[in-house]
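The residues making up each chain are set out below.
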Amino acid sequence: MELFSLRGKTALITGGTHGLGMAMAEGLAQAGAKLIITSTTPAKLADALAHYEAQGFEASGYLFDVTDEAAAIENVTKMEAEHGAIDILVNNAGIIKRVLAVDMPVEDFRRVIDVDLVGAFIMSRLVAKGMINRRNGKIINICSMMSELGRTNVTAYAAAKGGLKMLTRNLATEWAPYNIQVNGIGPGYYATSQTAPIRVDGNPFNEFIISRTPAGRWGDPQDLAGTAIFLASEASNFINGQIIYVDGGLLATIGKPANE
Ligand code: GCO
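In short, a report on the structure.

About the thresholds
Residues numbered from 1 in each chain as written. Predicted model: local features only at pLDDT ≥ 70, side-chain atom pairs only at ≥ 80, totals over all residues. Heavy atoms only, no water. Helix = DSSP H or I, 4+ residues; strand = E, 2+ residues; numbered from the N terminus. Near = heavy atom within 4 Å. Polar contact = N/O pair within 3.5 Å; in protein donor to acceptor, adjacent residues only side chain to side chain. Areas by Shrake-Rupley, 256 points an atom, 1.4 Å probe, with all protein chains shown as cover. Salt bridge = Lys/Arg side-chain N within 4 Å of Asp/Glu carboxyl O. Buried < 20%, exposed > 50% of the residue type's maximum accessible area, 1.4 Å probe, protein only. Core = buried A, V, L, I, M, F, W, Y, C linked by side-chain atoms within 4.5 Å. Expected span 1.5 Å × (residues − 1). Arc of directions from axis to C-beta. Pairing = 2+ DSSP bridges. Axes fitted to C-alpha atoms, helices over the stretch in contact; angles between N-to-C directions. Right-handed = clockwise from strand over helix to strand, strands pointing away.

1. Brief notes about unusual backbone geometry
Point 1. The phi angle at Asn153 is positive, at roughly 75°, despite the residue not being glycine.
Point 2. Mapped onto the elements of the fold, Asn153 is located in the loop between strand E5 (137–142) and helix H5 (155–175).

2. Brief notes about the site of the ligand
Point 1. Close contacts around the ligand come from 14 residues, with Arg98, Ser144, Met145, Arg151 and Pro187 the closest.
Point 2. Arg151 places a polar side-chain atom, nitrogen or oxygen, 2.6 Å from an oxygen atom of the ligand.
Point 3. A distance of 2.8 Å separates an oxygen atom of the ligand from a polar atom in the side chain of Gln194.
Point 4. Notes on the ligand: free accessible area 330 Å², of which the protein chains cover 96%.

3. What about the pattern of salt bridges?
Point 1. On inspection of all chains with the given rule, the structure shows five salt bridges.
Point 2. The closest approach of N and O atoms between Arg7 and Glu2, which form a salt bridge, is 2.5 Å. Glu2 carries the same exposure label as Arg7, and that label is exposed.

4. Observations concerning the nonpolar core
Point 1. Among the nonpolar cores identified, the biggest contains 45 residues, and Leu12, Phe64, Met79, Met123 and Tyr189 are the most heavily contacted of them.
Point 2. Of all the secondary-structure elements, those providing two or more residues to this core are helix H3 (69–83), helix H4 (106–134), H5, strand E6 (180–187) and helix H7 (204–212).
Point 3. Among the elements that take part in this core, H4 stands out by supplying ten residues, more than any other.
Point 4. In this structure, Ile13, Met22, Leu224 and Ala232 belong to the second largest nonpolar core, which totals 29 residues.

5. Quick look at H3
Since there are 3.6 residues in each turn of an α-helix, residues three or four apart along the chain are aligned in direction.
Point 1. With 15 residues, H3 extends 20 Å from end C-alpha to end C-alpha; this agrees with the ideal 21 Å at 1.5 Å per step.
Point 2. Within H3 the residues assigned to the buried category are Ala71, Ala72, Asn75, Val76, Met79 and His83. The arc enclosing the buried residues of H3, seen along the axis, measures out at 120°, which places them on a common side. Residues of H3 that are exposed and point more than 90 degrees away from the buried face comprise Ala70 and Ala81.
Point 3. With its phi angle positive at about 80°, Gly84 sits one or two positions after the end of H3.

6. What about the sheet that holds E6?
To summarise the sheet geometry, strands pair through backbone hydrogen bonds and adopt either a parallel or an antiparallel arrangement.
Point 1. One open sheet accounts for seven strands, arranged E3-E2-E1-E4-E5-E6-E7; its pairing is parallel. The open sheet is flanked by strand E3 (59–63) and strand E7 (243–246), the only strands paired with a single partner. For this sheet, the mean inter-axis angle between neighbouring strands, taken without regard to orientation, is 20°.
Point 2. Where E5 and E6 come together, six bridges link them in parallel fashion. Paired with Ile142 across the strands is Ile185, a residue of E6.

7. Focus: the pairing of strand E4 (residues 88–91)
Point 1. Residues Ile88 and Val90 of E4 are buried on one face, and the alternating residues Leu89 and Asn91, pointing to the opposite face, are buried as well.
Point 2. In this structure, strand E1 (residues 10–13) lies alongside E4, joined through three bridges in parallel fashion. Along E4, the bridge assignment pairs Ile13 with Val90.
Point 3. Judged from the four bridges that link them, E4 and E5 form a sheet pairing that is parallel. Opposite Ile88, over in E5, you have Lys138 as the bridge partner.
Point 4. Handedness of the crossover joining E4 and E5 through H4: right-handed.

Encoded structure:
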């Protein structure tokens, strides 16, 4: 359907070398978008580009840290020179440090905020300049259950993802007049390398998440592709500042007793 087509569009996915970012990038490419991905690790970038190429997708990669504004300026300028307009930005790059707040060095807290929140601001602001001129653009911020809920030992990540929800709403407010739709996707708990440490069999958290999620399972990264395509396409032209939670129902419920 044309409404969901991304043919002729260029999508920049920060990170995009694995996990949720790769699954969303594949969805955007299947809908017709040309991909640009970023990484701070040469080997990961090379492997990811080979993966996309093997699927017949057009993909380019750039090596820089989204928290380094000078590098971001240099690389976004290069992207636009080499690929033309960036129509879609997915702020996916993120890190997490699982440690109790009382034990977390301030520099570690700052690093998580820097990558997960400030990096999204830096990239959005850079890409928005062209979008404002063209009166057209899509920005999708990858939020989290932690945009709405707290959890022990992820304080910095929750603060960043809570901030990312409000950054989404505020940029949506400022840029909607230019026909730029800024929205978010809030994944629930997904089977990725980022959650591998808390997903091991026998880990009480693993059972907890399965019982706490009405769908009764961890998410598969592919579960996010459709929402990414939707928010990147013409189908979402009158949606601004919304976070769509793709969480198997987790946020819809207080959960149920273990023996129910
Ligand atoms: C954690 C998990 C979560 C998920 C995701 C949930 O430690 O609680 O890593 O943060 O990754 O963000 O939406």
